[in-house]
Amino acid sequence: MPLSAAMIIQRLESQGYQALYVGGFVRDYLLGLPSRDADLATNASPEVSQALFSEAHIELTGKRFQVLRIDGIELATFRGERYTLPGKPEVWQAPCFAEDAARRDFTINAIAMTARGEIIDPFGGREDLARGLLRSVGDPYQRFSEDPLRLLRGINFAVRLGLSIERQTAEAICASAEKLFSLPVERINQEIAKLIEHGVLADGLRLYLKYGLLAFTLPELQHLPGQGQLNSHHHLDAWEHTLMVVEKVSRLAPHNQALAWAAAFHDAGKGVADSAHETKSCQLFLQAAERLKLSHRLTHEVQSYIRGHTTRGIRDPESAASFLIHLASNWRNKAELRLAMENLALLLEADCYGKSPERLEEHLAASSAERELLDEAWRRIPLYLQDIDLRGSDLTGYLQGQAISERLHQELRMQQMLSIQQWQDEISVNQYLH
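Calculation rules
Residues numbered from 1 in each chain as written. Predicted model: local features only at pLDDT ≥ 70, side-chain atom pairs only at ≥ 80, totals over all residues. Heavy atoms only, no water. Patch = residues over 30% accessible without salt bridge, like charges linked within 9 Å, V, L, I, M, F, W, Y side chains within 5 Å. Areas by Shrake-Rupley, 256 points an atom, 1.4 Å probe, with all protein chains shown as cover. Salt bridge = Lys/Arg side-chain N within 4 Å of Asp/Glu carboxyl O. Helix = DSSP H or I, 4+ residues; strand = E, 2+ residues; numbered from the N terminus. Buried < 20%, exposed > 50% of the residue type's maximum accessible area, 1.4 Å probe, protein only. Pairing = 2+ DSSP bridges. Core = buried A, V, L, I, M, F, W, Y, C linked by side-chain atoms within 4.5 Å. Contact = heavy atoms within 4.5 Å.

Draft legend 1. Summary view of a nonpolar patch on the surface. There is a patch of nonpolar side chains on the surface, built from Val429, Tyr432 and Leu433 and spanning about 400 Å² of accessible area. Within the secondary structure, Leu433 sits in helix H19 (residues 402–433).

Here you go:
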């Protein structure tokens, strides 16, 4: 039977060691939030802990940081840190939690709790939580110099937990923004992914802009604030419109990384494109994706949604079929295409909510009509070779190699044109009869 956190604490204490709940587990407990996996800290060395729990499954997850996982539960030895290079501390075993807490990022993460519920709070984190305040432990300039990732973590905690950033901490964030250049891009990617996962990407982007972090995280969006697009369709500049779309997407499709990225970049080309802004938006997203090392699959999916978010002009069978055939070229089969259609419909709905409220019903009705046409095209139009009756084996008697493939695709195009014509004829007959 796997050991629980309470059992690990009990055994350490029975041997004369101190063991505490620490970090996010305690923070969330004090906020009344659902408990995450418990993290523990102790004054026992890793060697002692390994000997005490020899029957358990133990992983040494961070030898330099003296961290074990015992049956999946993280147990860290109290430690002190000194930084000679950003993100690369010298580490030593500390005698007590107060010294361990002194090297942590924010006061709300520097709280510990005993198994009996007693709070150990050397830096006033509990009071900061009660006041709704995010404050660094000690000198914020030093904290951010030690590890620039703390700049992004601070934003993440602020928006996730609804905290205001304490004045000196906020000033240090602004002054330290350039330090993000030294961060591995994967760590920036991970923090943005967390914002999406918690449904707070829009709020995170607002604070990135406010504290000067946008230029060092997503510089491709830096030109959007103040970018005018005021017309009968829009009442917000490109930046505020984008944030509204991102926020709506987070509610319509929680945790959907691809849709969140597409919402953030769908209008990125505005102000820097001479014509179709979606093409430039795709280019800017690709630039960000390559820099942040997003996966090829995610990059492909996001680009497809950005290209497809301008469905203007879908008013008849021919335009609906043409759009869907083009969209299908981005996906391997109808299952993938159907999911893409559903996601794209959500992005288009969110885009409507980011436009002029006086014309919201009009935009929603137009989007709904386009979706009905696309759904009908989905039912009627063959989109892939497997949707037609002709097979390569039917042609092997008189065609070979590339010629077979060309003949199959030619047949697919012919059947697509025939299906569109039949659909148009049905509409004409119905109109005549009515």
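Read on for the rest.
Draft legend 2. Fine view of the pairing of strand E5 (residues 73–77). Summarising burial for E5: four of the five residues are buried, a large majority. Note that strand E2 (residues 39–42) and E5 share four bridges and pair parallel. Note on E5: the bridge partner recorded for Thr42 is Thr77. Both strand E4 (residues 67–70) and E5 contribute to a ladder of four bridges, which runs antiparallel. Within E5, the residue paired with Leu68 across the bridge is Leu75. If you look at the hairpin formed by E4 and E5, you'll find two residues sitting between the two strands, and Asp71 has a positive phi there, around 50 degrees.

Draft legend 3. Spatial organisation of the nonpolar core. Trp261, Phe265 and Leu337 are the most contacted members of the largest nonpolar core, which totals 110 residues. Discounting chain neighbours no more than four positions away, the residues touching Trp261 are Ile192, Ile196, Leu218, Phe285, Leu292, Leu294, Leu298 and Val302. Core analysis: the next-biggest nonpolar cluster, separate from the first, contains ten residues, Leu20, Ala41, Ala94 and Ala101 among them.

Draft legend 4. Expanded view of the environment of Leu327. Tracing the backbone shows Leu327 in helix H16 (residues 317–328). Separated by 46 residues in the primary sequence, Leu327 and Leu373 place their C-alpha atoms 14 Å from one another. Setting aside anything within four residues of it in sequence, one finds Leu327 in contact with Ser304, Leu337, Met341 and Leu344.

Draft legend 5. Representation of the pattern of salt bridges in the model. Taken as a whole, this structure holds 29 salt bridges when the rule is applied. Close ionic contact of Arg69 with Glu74 constitutes a salt bridge, the shortest N to O distance being 3.9 Å. Notably, a salt bridge pairs Glu342 with Arg371, separated by 2.6 Å at the nearest N-O pair. Placement of the pair is Glu342 in helix H17 (residues 334–353) and Arg371 in helix H18 (residues 360–380), with a sequence separation of 29 residues. Owing to a relative accessible area of 28%, Glu342 belongs among the partly exposed residues under this scheme. Residue classification places Arg371 among the partly exposed positions, given a relative accessible area of 35%.

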